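Chain residues, written in single-letter form:
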Amino acid sequence: MSDLPTAEEMLGNVKHRPPSTDWMDVPAEIRRGIACYAGNPKSLELLGHPNPRTWSCFDDDWQLPENWQQIIHEGFKERLEKFRSFKVFMDICVRCGACADKCHYFIGTGDPKNMPVLRAELLRSVYRNDFTRVGKLLGKINGARPMNYEVLKEWWSYLFQCSECRRCSLFCPYGIDTAEITIMGRELLNLLGLNIDWIVTPVANCYRTGNHLGIQPHAFKDMLDFFSDDLEEITGIRPEPQFNKKGADILFVTPSGDVFADPGTYTAMGYMMLFHFLQEKYGLDVTWSTYASEGGNFGFFTSHETMKRLNAKMYAEARRLGVKWILGGECGHMWRVIHQYMDTMNGPADFLEMPVNPITGTAFTNAASTKMVHIAEFTADLIKHGKLDLDPSRNDHLKVTFHDSCNPARGMGLFDEPRYVINKTCKHFYDMPENSIREQTFCCGSGSGLNAGEDMELRMAGGLPRASAVKTVRDRHGVNMMACVCAIDRAVLPDLMSYWVPEVDVTGVHELVGNALNLAGQHERTMNLRSEELAELQGTAEDTEGQTDE
Amino acid sequence: MNKRYILSLIAVVVLFLIAYLGVEAVPASKWLFGILIPYVALIVFVAGFIRRLLSWSRSAVPFAIPTTGGQQKSLKWIKPSTIDSPSSKSAVFIRMLLEIVTFRSLFRNTRMKLKEGRVTYQLEIFLWVGALAFHYAFFTVLFRHLRFFTHPTPLPVQLVENLDSFFRMEIMQDFIQIGVPGVYLSGLVLLAAVTYLFLRRIFIGNVKYISLASDYFPLFLIFGIAFTGIMMRYVLKTDVAAAKELTMGLVTFRWSIPGNVSSIFFVHLFFVSVLLAYFPFSKLMHLGGIFFSPTRNMRTDTRAVRHVNPWNYPVNVHTYEEYEDDFRDKMIEAGLPVDKMPEPQEASAEDEEPAAKPEEPEAGAADAATAPEEKE
Ligand code: HEM
Ligand code: SF4
Ligand code: SF4
């Protein structure tokens, strides 16, 4: 990573002026720092995906099947029939350019092919050639071109520079969703065995062990045991999470990233405290599962079929355990899958009950069919009804802002629930500027499986708009903590912050809840979930106090 | 780059010459340009349009994928964003209506600028204004033209005509005395808006970069239509009554080519015919497409009501039983509940097989597990 440009260099290099050469005559450059490594053949084999082999995207020869053009053509045709979105989006773009500067990758890299409209044109150009007469007749002058190796490499390059965030679709007068086009494009690439390792290996792991990281059941339990150790030290109370428990009230599913890496682990500890609290006080019986130990779904970044294969475990496990309904942890793309795909793919979930919070009596009618509730909805409801014993002062040293993750934002509409929870657990909360939050939120720069290590330059560039907005609230209000409801965010935003806005740290919303939550019989809480001394933190916070506070 | 609009321009000029010279040189070709081609164009338009709509509707809608542009409907005490995150049919209707009559999404438009290392936004309302002006002017002009195809002219058409010509007259009378009863605002707005839309395509770098010949061509063509129309009305003073005789003939199938219809009229009509015939095969189909856009026309209550995928098919999944077979011993050792307790004898034999399989993925698993650390 030594050749990652500095923040200043990167900023200096961004130009938003396209070259004078026609875009079709500019070949894609597959470059280190931007591109991700090719998928491991073992992972493809395990999943039964086509064309497993050892290859590299930096090679000239990608070892494609003989008839790869035909495979793409037929795959394209099939998807045009199966997805109206794809067909309509291929046909109706007027190239008005309203979406152009809405993409964080375009903003951060200045590469014109990162304009959503041009990313889509990469596929559309082949569509015109293969499926429309006028297109074929007029050829290049009208943006049509036959599929060839160069074009394929261009697809690969730019379809893995799109995080499927849907920001473009919000601004398009017809709602053309380039994320949808990227999803189709990646499906087509996968027909040739073209995937990145950062996606396909987690998918293979998830398929077999139940989670992306390949954590086996006993290790999964061990990890939560570690958290119990920590919590015992911090609070004096030892939560005992339950696993694979038949007959529990609720199955809890969350991304495995939170079990594995900081700062997500603190969010996981927050969940454990919450469930412990609810069990002790109200007898709520929540179980974790080692089989459905992954909320995230990198299959979504591979193909609809792969998404379905991984997602199936949630309902299967809920049925096996005989729970009433499912509670989902903080994750971005996981929630797009649950909110817009799961019930359709793997439902109907008629073996579950309408989700009702037995403590407050609230029926989550918005999840009546899917029977899965977001933990921010769940916790907001508990707080609203005064069911939690909170002492927000343990978060007083934090000046918090909130990063709306793309998928809960534009694929779900989850905005006020997490904000409510934050406001009830923290004293200082400041939203970022209007153009960068809620439905207009910017991607972390590493979504849709692009959170690998080798594409750090792309990730830092793509995160520029987000970082820029954080910088604004840092300078204006002294913000020092960015909350989010996404495990990928928690994994990648710390890197992004240290690159662009070093003074700001990252937290999950339920870490804030955990810190505020009082457990019955706890000893004096001198540490936060990160085992940092609160007295020290509060001391340093006071030093910087001053211009802040509304 | 420029080739793209030059070629489109040339195409429109050639179309002009074909019609103009054709009619001038061979008077009999007036039947071709005045009668035959408009009919063919209309048939192509209608058939092509319907075919395209059918082809879209034949494609399945496997998933409900609305773009949620506001707060979801969840807890009772949280106010949902009814229009931007519509959870009912009527709310979707309103969302669509506002998209169509006000270009609501386009209204969100901003322009991004990098300033002193910050990403900043400016209001960018021009595209929205220009697009609205263009479409409404186009629609008004189209509507006014009904007077050529109806007799007597229906009241609403007369009303629009009056409204359309009213303002302009008041303003312009002092400056220019044009010898016709009123200048139509819509025609001029159309011309101005088309010009603006063209200019932004060549002056805004990004937009220029993405523009294709098929983006310039309709602009030139519509410019040509508006321009020939305005010329006929204000400059060349085409005999409107004669023109109406021809157009009424088209509607009533009593065809005639009145002698005193000028050549420019045939050019105008030819341009319109080309636009009609071109329409279904071009991006102009966004007129129909917007109604089919799944990110806009679907309800957001996707967790409350199940959407059915017509081609949903069973897939291979890794079942719990297979999972437990892979890890049973380890699970038991860790105190995790299992469904099937191994029977001492068979178990070892049964475990043999799955134990061999896991080897490879474990390597993969280890990879992924360590990778996040590498990236730090
Ligand atoms: C439901 C009806 C329609 C809606 C909602 C609609 C909406 C839009 C929008 C939002 C734009 C993008 C802004 C722009 O680039 O100017 C646009 C562009 C355009 N529309 Fe429409 N439109 C409709 C019908 C039509 C019709 C009937 C025509 C017939 C000529 C038309 C011709 C065009 C053209 C030529 C452009 C491209 C302008 C450019 O090059 O920038 N539209 N339309
Ligand atoms: S905003 Fe929509 S219509 Fe305009 S260029 Fe982008 S995708 Fe095409
Ligand atoms: S979905 Fe997001 S990343 Fe992809 S093109 Fe659109 S704005 Fe860019």
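Residues numbered from 1 in each chain as written. Chains lettered and ligands numbered in written order. Predicted model: local features only at pLDDT ≥ 70, side-chain atom pairs only at ≥ 80, totals over all residues. Heavy atoms only, no water.

The next thing to look at is the interface of chain A and chain B. Taken together, the contacts link 137 residues of chain A with 108 residues of chain B. Together, Arg84(A), Arg95(A) and Arg208(A) form the three largest contributors to the area buried by chain A at its contact with chain B, with a combined 8%. For the pair chain A and chain B, the number of links is nine salt bridges. Linking Asp22(A) and Arg4(B) is a salt bridge whose minimum nitrogen-to-oxygen distance equals 2.9 Å. There are 70 residue pairs in polar contact (both at pLDDT 80 or more) connecting chain A and chain B. (Contact = heavy atoms within 4.5 Å. Buried area = accessible area lost by both parts, 1.4 Å probe. Salt bridge = Lys/Arg side-chain N within 4 Å of Asp/Glu carboxyl O. Polar contact = N/O pair within 3.5 Å; in protein donor to acceptor, adjacent residues only side chain to side chain.)

Residues and elements named next belong to chain A. Within the open sheet, the four strands sit side by side as β7-β6-β8-β9. Their pairing is parallel. Two strands in the sheet have a free side with no partner beyond their single neighbour: β7 (428–429) and β9 (505–508). Where strand β6 (residues 399–403) meets β7, two bridges bridge the pair, whose relative direction is parallel. Residue pairing for β7: Lys399 is matched across the bridge by His428. Helix α22 (residues 487–500) contacts β6, β8 (481–484) and β9 of the sheet and is inclined by roughly 165° relative to β9. With respect to the sheet, helix α23 (residues 509–516) is in contact with β6, β8 and β9, its orientation differing from that of β9 by roughly 80°. (Pairing = 2+ DSSP bridges. Helix = DSSP H or I, 4+ residues; strand = E, 2+ residues; numbered from the N terminus. Axes fitted to C-alpha atoms, helices over the stretch in contact; angles between N-to-C directions.)

Turning our attention to the pattern of salt bridges. All names here are of chain A. Summed over all chains, the structure comprises 49 salt bridges over all chains. Arg124 is the salt-bridge partner of Glu121, the closest N and O atoms lying 2.8 Å from each other. Pair noted here: Glu121 and Arg124 are both in helix α6 (residues 116–131), with a separation of three residues, about one helical turn. With respect to class, Glu121 is no different from Arg124; both count as buried. (Buried < 20%, exposed > 50% of the residue type's maximum accessible area, 1.4 Å probe, protein only.)

For the rest of this paragraph, the subject is the side chain of Glu457(A). Residue and element names in this part refer to chain A. Within the secondary structure, Glu457 is located in helix α20 (residues 456–462). Residue Glu457 is classed as buried on the basis of its relative accessible area of 18%. A polar atom in the side chain of Glu457 sits 3.2 Å from the side chain of Arg31. Not counting the four nearest positions on each side in its chain, Glu457 is found in contact with Leu4, Pro5, Met10, Arg31, Arg32, Gly33 and Ile34.

The immediate surroundings of ligand 1 are formed by 21 residues, with Tyr174(A), His135(B), Arg201(B), His286(B) and Leu287(B) found nearest. The site occupied by ligand 1 is bordered by residues of chains A and B. Here His135(B) contributes a side-chain N or O atom positioned 2.6 Å from a nitrogen atom of ligand 1. Within the side chain of His286(B), a nitrogen or oxygen atom sits 2.8 Å from a nitrogen atom of ligand 1. For the shell around ligand 1, the secondary-structure elements that each account for two or more residues are α5 (126–144), α7 (185–203), α9 (213–235) and α12 (286–289) of chain B. Broken down by element, the residue count for the shell around ligand 1 peaks at five residues, all from α5(B). Among the residues making up the shell around ligand 1, the classes are represented as 17 nonpolar, two polar and two charged. (Near = heavy atom within 4 Å. Nonpolar A, V, L, I, M, F, W, Y, C, P; charged D, E, K, R; others polar.)

Residue and element names in this part refer to chain A. For Ser289, the position within the fold is in the loop between β3 (286–288) and α15 (304–321). A relative accessible area of 1% means that Ser289 is categorised as buried. Here Tyr291 takes part through its backbone nitrogen, which lies 3.0 Å from a polar atom of the side chain of Ser289. Within polar-contact distance, the side chain of Ser289 engages the backbone nitrogen of Ala292 at 2.8 Å. Setting aside its immediate chain neighbours within four residues, Ser289 contacts Phe220, Asn244, Leu251, Phe252 and Glu317.

Turning our eyes to something else, we now look at the domain arrangement of chain A. All names here are of chain A. One can read the domain layout of chain A as domain 1 (7–30 + 50–194), domain 2 (202–384) and domain 3 (392–545). Taking only C-alpha atoms into account, the centre of domain 1 sits 33 Å from that of domain 3. Approximately 1,800 Å² of surface area, both sides summed, lies buried where domain 1 meets domain 3, with 68% of it carried by carbon and sulfur atoms. Three residues stand out in domain 1 for area buried against domain 3, namely Met10, Tyr105 and Arg167, and they jointly supply 31% of the buried area on that side. Counting the contacts that link domain 1 with domain 3 gives nine residue pairs in polar contact (both at pLDDT 80 or more). The set of elements that each furnish at least two residues to the side of domain 1 that touches domain 3 consists of α1 (7–13), α5 (104–109) and α9 (167–171). Considering every element that reaches the side of domain 1 that touches domain 3, the biggest residue donor is α5, with five residues. Of the residues contributing to the side of domain 1 that touches domain 3, the split by class is ten nonpolar, five polar and five charged. (Domains from an automatic or database assignment.)

The next point concerns the pairing of β6(A). Residue and element names in this part refer to chain A. Most of β6 sits inside the fold, with five of its five residues counted as buried. Judged by which residues are buried, β6 turns out to be covered on both faces: Lys399, Thr401 and His403 on one side and Val400 and Phe402 on the other are all buried. Here four bridges tie β6 to β8, and the two strands are oriented parallel to one another. Bridge pairing in β8 links His403 to Cys484.

All right, on to the coordination of the iron atom of ligand 1 then. Metal coordination angles in their ideal form are 109.5 degrees for the four-donor tetrahedron and 90 or 180 degrees for the six-donor octahedron. All names here are of chain B. Coordination sphere of the iron atom of ligand 1, protein contribution only: His135 (NE2) and His286 (NE2), at 1.8 to 2.1 Å. Because the angles between the six donor atoms bound to the iron atom of ligand 1 fall within 85 to 180°, the donor set is best described as octahedral. One end of the pair, His135, is in helix α5; the other, His286, is in helix α12, and 151 residues separate them in sequence. On the basis of relative accessible area, His135 is assigned to the partly exposed category, the value being 31%. (Donors = N, O, S within 2.8 Å, 3.2 Å for Na, K, Ca; no water. Tetrahedral: all angles 85-135°; square planar, octahedral: opposite > 155°, others 65-115°.)

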